[in-house]
Amino acid sequence: MATLSQTNQFQSWTLSPEEFLAGGLLTTAQKQCIQNQIASVATQKINLAFTPDKPMEFAQQEAHLRGQIDALSYLLTLSEEAELQRSGQRPLEL
């Protein structure tokens, strides 16, 4: 059973290997929604206009969008890994 961890200044949970695996699995609908979000953010990134007098603003906006894409992609990767582990193709890792 998951328990609230007291060893971290941020809220985190101590999970069994099975809970960790189950927590990483996404449904098909969840994956589709995440892929739609990635597509939307990627479109924003492509359409980001560079303004020569505000290069730092452009860099910050681009980094923000890249971070969103990376975070969403990580969720999909985590789910793919959990699916492989569940099917026995990979050993269970925490």
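Every value quoted in this text rests on a predicted model; they were computed, and no experiment measured them. (Residues numbered from 1 in each chain as written. Predicted model: local features only at pLDDT ≥ 70, side-chain atom pairs only at ≥ 80, totals over all residues. Heavy atoms only, no water.)

Visitor: Can you help me understand helix H2 (residues 28-46) in this one?
Guide: Side chains of residues three or four places apart in an α-helix project in the same direction, reflecting 3.6 residues per turn. Its 19 residues place the ends of H2 27 Å apart at the C-alpha level, agreeing with the 27 Å of an ideal helix rising 1.5 Å per residue. What H2 keeps buried is the set Ile34, Ile38 and Val41. The arc that holds the buried residues of H2, viewed along the axis, is 70°, so those residues lie on one side. Exposed and oriented more than 90 degrees from the buried face of H2 are Thr28, Asn36 and Ile46. Its buried side turned inward, H2 meets helix H3 (55-86). (Helix = DSSP H or I, 4+ residues; strand = E, 2+ residues; numbered from the N terminus. Expected span 1.5 Å × (residues − 1). Buried < 20%, exposed > 50% of the residue type's maximum accessible area, 1.4 Å probe, protein only. Arc of directions from axis to C-beta. Contact = heavy atoms within 4.5 Å.)

Visitor: Honestly, the pattern of salt bridges in this entry has me stumped. Any pointers?
Guide: Side-chain pairs of opposite charge can arise where the charged atoms are in close proximity. Under the criterion given, the structure shown has three salt bridges. One salt bridge in this structure joins Glu62 and Lys45, with 3.7 Å as the shortest N-O distance. Of this pair, Glu62 sits in helix H3 while Lys45 sits in helix H2, and the two are 17 residues apart along the sequence. The salt bridge involving Arg66 is made with Asp70; its shortest N-O contact spans 2.7 Å. Here Asp70 and Arg66 lie together in helix H3, a separation of four residues that amounts to about one turn. With relative accessibility at 39%, the residue Asp70 sits in the partly exposed group. (Salt bridge = Lys/Arg side-chain N within 4 Å of Asp/Glu carboxyl O.)

In short, the description is geometric, and any link to function would need to be established separately.
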